[in-house]
Amino acid sequence: MGSRVEQEIRVLEPGDAEAFRALRIEALRCHPEAFGASAADAEALDAAAFARMMPRQPPDAIFGGLLGGELAGMVGFFLHRPPKVRHKGAIWGVYVRQAARGRGLALRLMQAAIARAREAGVQRLLLTVGHANAPARRLYDRLGFHPYGIERDALRLPDGRSFDEELRALDLSG
Ligand SMILES: CC(C)(COP(=O)(O)OP(=O)(O)OC[C@H]1O[C@@H](n2cnc3c(N)ncnc32)[C@H](O)[C@@H]1OP(=O)(O)O)[C@@H](O)C(=O)NCCC(=O)NCCS
């Protein structure tokens with residue numbers, strides 16, 4: 001893929017469910033250590049089920065990164081709803097397809113999600129990242145997400161490997 005391929009960032013809709021399903025399953029298959037969800041569970045759901053799972057209540061959204069019209073990356077955002085935690089939001093499902101990496105797609109997707117969180121009045125935007133996941137940690141460093149803790153043994157894979165996760169927050173209160 002050349003670096004001039006046109007990039008588009010937009011909110012995914014139920015009509016994108018097929019492409020979203022394929023991207024999400026690829027993410028879970030290729031990087032089981034980076035996500036809590038399992039590929040097998042996702043594969044058991046068809047596109048219609050994925051469409052039903054897509055956020056319906058703004059500001060929650062899945063941002064899609066398209067390269068030359070093809071879905072190549074995604075970032076999910078949701079707002080915590082109960083009154084006592086309503087100042088917080090979370091990022092989930094950050095993924096860019098291997099062939100599309102290193103051209104700023106994840107950065108732009110994250111910036112779109114952060115802008116949405118800010119508009120929604122979120123004051124602390126939270127995420128978790130694998131302690132050994134250097135590319136993702138660099139991305140979050142660049143965006144100002146500060147580590148505030150480590151969860152040991154956060155994920156256990158079926159092969160017995162265990163992964164620690166770093167908890168990070170972006171302060172949007174200023
Ligand atoms: C982490 C991940 C989302 C980053 O995606 P990405 O689209 O490659 O990220 P970006 O392009 O925005 O930034 C990555 C690098 O490309 C560089 N870059 C950005 N724009 C560029 C451009 N136009 N040309 C060349 N390089 C560029 C950035 O400087 C950055 O370099 P660095 O990592 O050496 O600092 C991706 O590697 C991924 O999906 N990994 C597997 C799943 C995963 O770990 N998800 C996170 C779960 S918490």
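About the cut-offs
Residues numbered from 1 in each chain as written. Predicted model: local features only at pLDDT ≥ 70, side-chain atom pairs only at ≥ 80, totals over all residues. Heavy atoms only, no water. Core = buried A, V, L, I, M, F, W, Y, C linked by side-chain atoms within 4.5 Å. Buried < 20%, exposed > 50% of the residue type's maximum accessible area, 1.4 Å probe, protein only. Helix = DSSP H or I, 4+ residues; strand = E, 2+ residues; numbered from the N terminus. Contact = heavy atoms within 4.5 Å. Arc of directions from axis to C-beta.

The name given to the protein in an unreviewed UniProt entry is GNAT family N-acetyltransferase, with the source organism recorded as Siccirubricoccus soli.

As a further point, take the nonpolar core. Nonpolar side chains in soluble globular proteins tend to be buried together. One finds Phe-77, Ile-91, Met-110, Leu-125, Tyr-140 and Phe-145 to be the most contacted residues of the largest nonpolar core, which totals 30 residues. Among the elements of the structure, strand S2 (61-67), strand S3 (70-79), strand S4 (88-96), helix H4 (105-119), strand S5 (124-130) and helix H5 (134-143) are those that each provide at least two residues to this core. Broken down by element, the residue count for this core peaks at eight residues, all from H4. In contact with Tyr-140, not counting residues within four places along its chain, are Val-94, Met-110, Leu-127, Val-129, Phe-145 and Arg-168. In this structure, Ala-17, Leu-23, Ala-27 and Ile-62 belong to the second largest nonpolar core, which totals 18 residues.

A word on unusual backbone geometry. Residue Pro-59 is reached from Pro-58 by a cis peptide bond, and omega for that bond is 10°. Secondary-structure assignment places Pro-59 in the loop between helix H3 (47-53) and S2. Positioned with a positive phi, Asp-153 is a non-glycine residue whose angle comes to about 55°. Tracing the backbone through its elements, the reader meets Asp-153 in strand S6 (residues 146-156). Since its relative accessible area comes to 31%, Asp-153 is described here as partly exposed.

Regarding H5, the residues found buried are Ala-136, Leu-139, Tyr-140 and Leu-143. Looking straight down H5, one finds that the buried residues subtend no more than 90° of arc, so they occupy a single side. Looking at H5, the residues exposed on the side facing more than 90 degrees away from the buried face are Arg-138 and Arg-142. The secondary structure elements touched by the buried residues of H5 are S4, H4, S5 and strand S7 (162-171). Downstream of H5 by one or two residues, Gly-144 has phi in the positive range, about 95°.

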